[in-house]
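Spelled out, the chains give:
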Amino acid sequence: MNRFISAVVAGVMVAGASYAGVTEDDLKNDQTITNQVVTNGMGRHLQRYSPLDILNKDNVKNLVPAWAFSLGGEKQRGQETQPLVYDGVMYITGSYSRLYAIDVKTGEELWQYDARLPEGILPCCDVINRGAALYGDNIYFGTLDARIVALNRKTGDVVWNKKIADYKAGYSYTAAPLIVNGLVITGNSGGEFGIVGEVQARDAETGELVWTRPVIEGHMGTYKGEESTMTGTLNATWPGDMWKTGGGATWLGGSYDVETDTLVFGAGNPAPWNSHLRNAGTPTEGNAGDNLYAASRLGIDPENGEIKWHFQTTPREGWDYDGVNEVVAYTDREGNKRFATADRNGFFYVLNREDGAFVSATPFVKDISWAEGIDENGRPIFVEENRPGNPADAADGKKGEVIFASPSFLGGKNWMPMAFSQRTGNFYVPSNEWGMDIWNEPITYKKGAAYLGAGFTIKPNYEDHIGSLKAIDPDTGEIKWEYKNDAPLWGGVMTTAGGLVFTGTPEGKFIAFDDETGEVLWSFQTGSGIVGQPITWEMDGEQYISIISGWGGAVPLWGGEVAKKVNYLNQGGTLWTFKLPKQLASAD
Ligand code: CA
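Only a predicted model underlies this, so the values are computations on that prediction, with no experimental measurement involved.

Peer 1: Run through the overall build of the chain, naming residues and quoting values.
Peer 2: Assigned secondary structure in the chain consists of two helices and 41 strands. By the compact-globule yardstick of 25 Å for 588 residues, the chain fits well, its C-alpha radius of gyration being 22 Å. Principal-axis analysis of the C-alpha atoms places the extent of the chain at approximately 70 × 50 × 50 Å. Residues counted as buried form 64% of the 588 residues belonging to the chain. The contacts in the chain between residues at least 6 apart in sequence include a share of 61% that link residues at least 24 apart. For the chain, the accessible area works out to roughly 19,800 Å², and carbon and sulfur atoms hold 48% of it. The distance from the centre of the 49 positive side-chain charges to the centre of the 74 negative ones in the chain is 4 Å.

Below, the structure is given as C-alpha cells:
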C-alpha cells in the first residue's frame, strides 16, 4: 500500500525557504516565494498568478520539455491534480486516490502512496483527485472513500487517516485540502446522492476535529466536540424534512482571504435536482423556496466555523447549477478589494470582499436561457418557462415538461480554475458553450442511490466549438478576447508576469497565450487530454512549468451529442515539466 523507495533529497538552500517544514508564512506568501508552490491555487486566494517573468512573450517559443513522469499501471482515467513543489520534491495526486513524490530536478519517483479503496465507493464524476496540501512535515490529501490522510512528506508514511463521512451514503472526496492557521479544512463530495454539504476543520498535527459546519439550513454545527450553532433557520427556505438530504456538497474546497480572515467555500446543487419537490418550482413571496445555503458561497470564520455571510448565486436552483466554483480574492483597478467567481449558471459575479455583498454580475457565456439577467440585489430574473416542468402536472405523473436550458448542467464553467493577472487586471476563464434538454421525474431518497429526479441530454450550442477561454475585464464584464476550442475545456488556467496565459485542451495541447491579445505563442502536444492544473516555479535561475496530462473527468461520462467531440480521445497519465534553458532566455 505504501511503497517507500527513497527519500533522501538534497534540499537546496534558496532565498525564502529553509525547508524546515512548511509554515503558515510559507502558505501566506506562496504567490511571491517563486522557488516553491505550496498551496492549491498558487496562493490561498487562488489567483494562479506568478510574478515570474524569466519566461515571457518573446522567449516562450523556446520552452522545451525537461522531464516527463508516467503515473503508470492500469489506473488511468482523469488526472486533475495541481502539483506542489517544496524542498526539491514535486508532489502530485493521481486518479484512484494515489499520491506521488518526485525528484523535481530529474523526474524520478521518490515514493508513492496508494490508498486502499473499499468496494462500493460512489464517485459521481470519475475517480479523480485535484491535489494535496503541505504543512509542517506532512502532506495531506483526500480519498474517494471520503477520508483525509496525512503522510510524512519525506517518507510517505501515514501520520494519521481520518473519516470525513460515510462513503456508503454517497460521500466521497476529491478537492485539494486547505490549510489555515494549523487547521486542515475540507469539504465533501456527493451532491447527486442526497448527502449534506459540510466544511470540517481538523488539527493538522493530530487530525482531531476542531469544528464542523453543515451548509444546509437546519443542521447543527460543532465546535470542539460540542454542538455549536444551527446553520440558518429551520424550515425558513426548505419545506418539511427535505433539508435532511438537501445536498449542497462543498466538493471543490475553498479559498482563504487573509485580509478579512475569512474562508470562502461554495455549496453545490440542492437535492434532489427536481426543484418542485423543494417548493422551489413555485414562485413565492420572500425566499421560502430558495433552499439555503445550496448553490451559494459562504464566508466562514476559520476559528470556529461560524458563517459570516452568504451569497446565493442560484436561489430556487433547478438545473444542477452548483455554487461551488472558486472564489478569487483580488484588488480591482480602483483599489477596491473584491471577490470574483464565474458560476455554473453562466454569470461572472463580483462581490465585496468584506461581507460578500453583491457588486455586479455579467454573462460570460452566450445563450443563457434560465434567467434574463441578475438584478441590483444579485438575484436572478428568472425565465419561469425555462424551469423543467413538474411531473405532478403531467398526465401520467411521471415525466414533467422537457425544456432546453443553457448552460447545460455541466455549467458555463465547471470546476476548472480560472486565473487572475495582476499585470492586466483581467480574469482568464475556461468556459463552455453548451445546453441540455432536461426534465423532472418523481424521486424518493434512498441511502447510497442517485437522488436526482431528473433526466437530461447534453448538447453543443455551436457546431465548431464548445470550449471557450475568455479574457474578462472584471470591472465591466467585457470579454477582451476569446479562444474557441472544439472539445469542452476542463483544465485549469495560469497567468504570469511575463504576459502569458497557460491552459490545456482535451485534444492534448498545452498552450501559452498572449495575455493581451489571445494569440497562441506556443503549444505542445502532451499525448492525452489535459484536465489538470498548471504551475510555474524557478530553480537555479531558470523558470519551469508543469502540467499533468490524462483525459477523463466528468465530460466523457455523459453521452448526448457532446460525445462525438470527445469519444475518440485517448486516456493517459503523464506529468510534463518544461523549462526555458538559460542560454535560450534571451534568444530571438
Ligand atoms: Ca451537482
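Peer 1: Talk me through the packing of aromatic side chains; I want residue IDs and the actual numbers.
Peer 2: Pairs of aromatic rings are described using the distance from one ring centre to the other and the angle between the two planes. A full pass over the atoms with the stated rule returns 36 aromatic pairs. Note on F420 and F427: the rings are 4.8 Å apart at their centroids and 45 degrees apart in plane angle, and the pair reads as tilted. Joined through ring pairs, the aromatic side chains of F502, F510, W522, F524, W576 and F578 make up one cluster. Across from the ring centre of F382, 5.5 Å away, lies the NZ or CZ of R387, which sits over that ring.

Peer 1: Account for the coordination of the calcium ion, naming residues and giving values.
Peer 2: Every protein donor of the calcium ion is accounted for by E192 (OE), N269 (OD1), D320 (OD), D322 (OD) and D322 (OD), and the metal-donor separations fall at 2.3 to 3.0 Å. The sequence motif formed by the donor residues of the calcium ion is E-x76-N-x50-D-x1-D. One end of the pair, N269, is in the loop between β19 (262-266) and β20 (296-300); the other, D322, is in the loop between β21 (307-312) and β22 (328-331), and 53 residues separate them in sequence. We note that N269, like D322, is buried.

Peer 1: Talk me through the sheet that holds strand β18 (residues 254-257); I want residue IDs and the actual numbers.
Peer 2: Taken together, four strands build an open sheet; the order of strands is β18-β19-β20-β21 and the sheet is antiparallel. A strand with exactly one partner marks an edge of an open sheet, and here the two such strands are β18 and β21. Ignoring which end each strand starts from, the neighbouring axes of this sheet average 20 degrees apart. When β18 meets β19, the two strands line up antiparallel, connected through four bridges. Bridge pairing links S255 to V264 in β19.

Peer 1: With reference to specific residues and values, describe the sheet that holds strand β32 (residues 454-460).
Peer 2: Pairing in this open sheet of three strands is antiparallel, and the strands run β28-β31-β32 from one edge to the other. Looking at which strands have only one partner, the edges of the open sheet turn out to be β28 (403-405) and β32. The average undirected angle you get between the axes of adjacent strands in this sheet is 25 degrees. As judged from the three bridges shared by β28 and strand β31 (residues 434-440), these two strands associate in the antiparallel manner. The residue of β31 that forms the bridge with I403 is I438.

Peer 1: So, the pairing of strand β36 (residues 500-504): which residues are in play, and what are the values?
Peer 2: Burial analysis of β36 places five of its five residues in the buried class, which makes it a mostly covered element. Where burial is concerned, the two faces of β36 agree: the one with L500, F502 and G504 and the one with V501 and T503 are both buried. Hairpin geometry of strand β35 (residues 494-496) and β36 is characterised by an intervening segment of three residues between the two adjacent antiparallel strands and by a positive phi of about 85 degrees at G499. Alignment of β36 against strand β37 (residues 509-514), held across five bridges, turns out to be antiparallel. Counted as the bridge partner of L500 is D514 from β37.

Peer 1: Tell me about the UniProt feature "active site" (unreviewed entry) in the chain, residues and numbers included.
Peer 2: According to UniProt, the "active site" (unreviewed entry) feature falls on D320. For D320, the position within the fold is in the loop between β21 and β22. With residues up to four places along the chain from it excluded, the contact list for D320 reads E192, N269, W273, R344 and F409.

Peer 1: Please provide a residue-by-residue account of the nonpolar core, values included.
Peer 2: Formed by 105 residues in total, the largest nonpolar core has its most connected members in Y91, W111, Y140, F348, F427 and W490. Top element by residues in this core is strand β24 (residues 347-352). It accounts for five residues. Grouped together as the second largest cluster of nonpolar side chains are 32 residues, V104, I535, F578 and L580 included.

Peer 1: Tell me about the environment of S546, and please be specific about residues and values.
Peer 2: On the secondary structure map, S546 appears in strand β40 (residues 542-549). Put simply, S546 and I148 are 398 residues apart on the chain and 25 Å apart in space, counted from C-alpha to C-alpha. Setting aside residues up to four positions removed in sequence, S546 forms contacts with P83, M90, Q533, P534, I535, W537, L575, W576 and T577.

Peer 1: So what's going on with the UniProt feature "binding site: pyrroloquinoline quinone" (unreviewed entry) in the chain? Which residues, and what values?
Peer 2: UniProt's entry tags E80, R130, T174, N414 and W415 with the feature "binding site: pyrroloquinoline quinone" (unreviewed entry), counted in the numbering of this structure. Judged by maximum C-alpha separation, these annotated positions cover 336 residues in sequence but sit close together in space, the widest gap being only 14.2 Å. Within the secondary structure, T174 is located in the loop between β11 (158-163) and β12 (178-180). Judged by its relative accessible area of 8%, T174 is buried. In this structure T174 touches I128, N129, R130, L144, S189 and W251, once residues within four positions along its chain are discounted. Here N414 lies in the loop between β28 and β29 (419-420). Since its relative accessible area comes to 5%, N414 is described here as buried. Leave out the neighbours within four places in its chain, and N414 touches W251, N325, R344 and W490. A distance of 2.9 Å separates a polar side-chain atom of N414 from the backbone oxygen of L410.

Conventions used here
Throughout this description, residue numbers start from 1 for each chain and increase along the sequence as written. Residue-level local features of this predicted model are given only where pLDDT is at least 70; pairs of side-chain atoms are given and counted only at 80 or more, and the full residue set underlies all totals for whole chains, interfaces and linings. Only hydrogens and water are set aside when side-chain values are computed; all heavy atoms of the structure are taken into account. Only DSSP runs of H or I with at least four residues qualify as helices, and only runs of E with at least two residues qualify as strands; both kinds are numbered from the N terminus onward. Throughout, radius of gyration means the C-alpha value; the globule benchmark is 2.2 Å times the number of residues raised to the power 0.38. Categorising residues by exposure relies on relative accessible area from a 1.4 Å probe, with only protein chains included: less than 20% of the type maximum marks a residue as buried, more than 50% marks it as exposed, and the intermediate range marks it as partly exposed. Residue contacts are defined here by distance: any two heavy atoms, one from each residue, within 4.5 Å place the two residues in contact. For accessible areas, the Shrake-Rupley method is used with a probe of radius 1.4 Å. Any residue's cover is judged against the shown protein chains and nothing else. In this tally, Asp and Glu contribute negative charge and Lys and Arg positive charge; neither His nor the terminal groups of the chain are included. To locate a charge, the coordinates of NZ of Lys, CZ of Arg, CG of Asp or CD of Glu are taken. Any two of the Phe, Tyr and Trp rings considered here, Trp counted by its six-membered ring, make a pair once their centres fall within 6.5 Å; the pair's planes then place it as stacked at under 30 degrees, edge-to-face at over 60, or tilted in between. Criterion for a charge above a ring: Lys NZ or Arg CZ within 6 Å of the ring centre, and within 35 degrees of the ring normal. Only nitrogen, oxygen and sulfur atoms qualify as donors, and only when within 2.8 Å of the metal (3.2 Å in the case of Na, K and Ca); with water excluded, sites may look incomplete. At least two DSSP bridges between two strands are needed for those strands to be called paired. In this analysis an axis means a line fitted to C-alpha atoms, helices contributing only their contacting stretch, and an angle means the value between N-to-C directions, from 0 to 180 degrees. UniProt positions are given in the numbering used here, feature names are shortened, and annotations may be inferred rather than shown by experiment. Definition used in this section: a nonpolar core is a set of buried Ala, Val, Leu, Ile, Met, Phe, Trp, Tyr and Cys residues joined via side-chain atoms within 4.5 Å. Nitrogen and oxygen atoms within 3.5 Å of one another constitute a polar contact, given that in protein one can donate a hydrogen and the other can accept it, and given that sequence-neighbouring residues count only through two side-chain atoms.

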